Amino acid sequence: MADIERIVILTGAGISAESGIDTFRSAGGLWEQHKVEDVATPEGFARDPDLVLGFYDMRREALSKVEPNDAHRALARLEREFAGEVLLVTQNVDDLHERGGSRDVLHMHGELKSALCSSCEVRSPWDAPMADRPPCPVCQATALRPDVVWFGEMPYQMDRIYSALLSADVFVSIGTSGAVYPAAGFVQEAKSAGVQTVELNLEPSEGTHHFAEARHGPASVLVPAWVDEVLGV
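Residues numbered from 1 in each chain as written. Predicted model: local features only at pLDDT ≥ 70, side-chain atom pairs only at ≥ 80, totals over all residues. Heavy atoms only, no water.

Chemist: So what about the pattern of salt bridges? Which residues, and what values?
Modeler: Counted by the stated rule, this structure contains 16 salt bridges. Measuring nitrogen to oxygen at the nearest pair gives 2.8 Å for the salt bridge that ties R60 to D57. Remark: D57 and R60 occur in helix α5 (residues 49–62); sequence separation between them is three residues, near one turn of the helix. Across the pair, D57 and R60 agree in class, each one buried. Taken together, the shared-partner salt bridges in this structure form one network comprising E67, D95, R99, K113 and D127. (Salt bridge = Lys/Arg side-chain N within 4 Å of Asp/Glu carboxyl O. Helix = DSSP H or I, 4+ residues; strand = E, 2+ residues; numbered from the N terminus. Buried < 20%, exposed > 50% of the residue type's maximum accessible area, 1.4 Å probe, protein only.)

Here you go:
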């Protein structure tokens, strides 16, 4: 692809589903096992912290049983070999992009392997359970929570994301349902700025009609093929 200098990529649950991580909306997915208001809201945490901490402890532990797939590795290759700028934004809280080789990942919804102290508000790398109320490594308060953006909370680094969208040449959405805002509105922001828009998804998302180009199939097939095109392979 000629004359492309800046690419913004958004990834969602679909890119990690092929690695064996449950999506929230699939049959048998996380929302069928738990009510969203119980495990993904500040109110749910205040009401039953044991349930919430245990839920995220299980999700964190499950990461050790999955591996990045060809889609994750292809995006890492794009980051390494593309001559311009690539901003990789993910809605996912797993670490598969990093383990696939990506060095600069913006986790707009936080990370399972990070703890947020409700007392001192410092974020710390975290790979252990939280259900037994370990102390914050900074202030020692027993006030840790998952560093995950819950419904009703503001996603991280939105100013940086919007700025990148408005100056991009291409915006690519990979493995997203197009149902969760503000990420679902990124395509319209990009489109209004004259940015080329591409959807790579297993099936049409709720926002497919906003994209100039849409390709549907497994991310592990579509993403490496698209990266090859960008790199001129």
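Chemist: Now, about the packing of aromatic side chains: what can you tell me, with residues and values included?
Modeler: On inspection of all chains with the given rule, the structure shows five aromatic pairs. Ring centres of F171 and F211 lie 6.3 Å apart, and the angle between their planes is 15°; this geometry places the pair in the stacked category. Separated by 40 residues along the polypeptide, F171 in strand β7 (residues 170–174) and F211 in the loop between β8 (196–201) and β9 (213–216) bring together distant segments of the chain. Under the relative-accessibility criterion, F171 is labelled buried at 1%. (Phe/Tyr/Trp six-rings, centres within 6.5 Å; stacked < 30°, edge-to-face > 60°.)

Chemist: So what's going on with unusual backbone geometry? Residues and values would help.
Modeler: Residue P182 follows Y181 across a cis peptide bond; omega there is 10°. Positive phi, normally seen in glycine, also occurs at E121, with a value near 65°. Note on placement: E121 falls in the loop between β4 (110–117) and β5 (123–125). We note that Q140 has phi near 70°; this positive angle belongs to a residue other than glycine. Tracing the sequence through the fold places Q140 in the loop between β5 and β6 (144–148).

Chemist: Tell me what's going on with the packing of helix α6 (residues 70–81) against helix α10 (residues 219–231), and back it up with residues and numbers.
Modeler: The contact between α6 and α10 brings their axes to 7 Å, and the two run at 15°. By the criterion of interaxial angle, the relationship of α6 to α10 is roughly parallel. Seen along the crossing, α6 lies across α10 with a hand that is left-handed. Residues D70, A71, A74, L75, R77, L78 and E81 of α6 touch α10, and the partners they reach there are A219, S220, V223, P224, W226, V227, D228, V230 and L231. Of the residues belonging to the contact of α6 with α10, the class tally is 11 nonpolar, one polar and four charged. (Axes fitted to C-alpha atoms, helices over the stretch in contact; angles between N-to-C directions. Parallel < 35°, antiparallel > 145°, perpendicular 65-115°, else oblique. Left-handed = near helix turned anticlockwise from the far one by under 90°. Contact = heavy atoms within 4.5 Å. Nonpolar A, V, L, I, M, F, W, Y, C, P; charged D, E, K, R; others polar.)

Chemist: Talk me through the nonpolar core; I want residue IDs and the actual numbers.
Modeler: Soluble, globular proteins show a tendency: their nonpolar side chains are buried together. Counting 22 residues, the largest nonpolar core has I7, I9, L75, I174, V223 and W226 as the members making the most contacts within it. When residues of this core are traced back to their parent elements, those giving at least two are β1 (6–11), α6, β7, β8 and α10. When residues in this core are grouped by element, the largest group, six residues, is from α10. If you look at the next biggest cluster of nonpolar residues, it comprises 21 residues, including V52, Y56, A115 and W150. (Core = buried A, V, L, I, M, F, W, Y, C linked by side-chain atoms within 4.5 Å.)

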